[in-house]
Amino acid sequence: VQLALNIAVGLFWLYMLYSLANTISADINEKMSIYSDEVMDQISQCSRDYRENKCDPSTRVPAVEQACRMWEQCMARDPVL
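Below you will find a few notes about this structure. (Residues numbered from 1 in each chain as written. Predicted model: local features only at pLDDT ≥ 70, side-chain atom pairs only at ≥ 80, totals over all residues. Heavy atoms only, no water.)

As for the nonpolar core
Proteins that are soluble and globular tend to have nonpolar side chains buried together. Judged by nonpolar contacts, Cys46, Tyr50, Cys55, Val64, Cys68, Trp71 and Cys74 together constitute the single largest core of 7 residues. Elements with a contribution of two residues or more to this core: helix 1 (2-52) and helix 2 (65-75). With 3 residues, the single largest contributor to this core is helix 2. Not counting the four nearest positions on each side in its chain, Tyr50 is found in contact with Cys55, Asp56, Pro57, Arg60, Cys68, Trp71, Glu72 and Met75. (Core = buried A, V, L, I, M, F, W, Y, C linked by side-chain atoms within 4.5 Å. Buried < 20%, exposed > 50% of the residue type's maximum accessible area, 1.4 Å probe, protein only. Helix = DSSP H or I, 4+ residues; strand = E, 2+ residues; numbered from the N terminus. Contact = heavy atoms within 4.5 Å.)

What about the pattern of salt bridges?
All told, the structure shown has 3 salt bridges when counted by the stated rule. Here Glu65 and Arg60 are joined by a salt bridge, their closest N and O atoms 3.2 Å apart. A residue is classified by how much of its surface remains accessible, and Glu65, at 27% relative accessible area, is partly exposed. Classification of Arg60 as buried rests on a relative accessible area of 17%. With a shortest N-O distance of 3.4 Å, Glu65 and Arg69 are connected by a salt bridge. Of this pair, Glu65 and Arg69 both sit in helix 2, separated by 4 residues, roughly a single helical turn. Put simply, Arg60, Glu65, Arg69 and Glu72 are held in one network by salt bridges that share partners. (Salt bridge = Lys/Arg side-chain N within 4 Å of Asp/Glu carboxyl O.)

This is the structure in structure tokens:
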């Protein structure tokens, strides 16, 4: 009887640790997905601004040089990090 009780208590705690790890993993994955979506939105906005302001090097005017470089860096971001 004592052995069965000890096994049951041990299994209960193993299940609790598994549940905790699984919950933490799911939370991290969701946060990373939200972050990735936000970065993708920012990249899309930078790409739009880049096109609308004619930042292609062949059509770029000096007045928007700095802004164009900023949008290029923004578009080059990695949304997964």
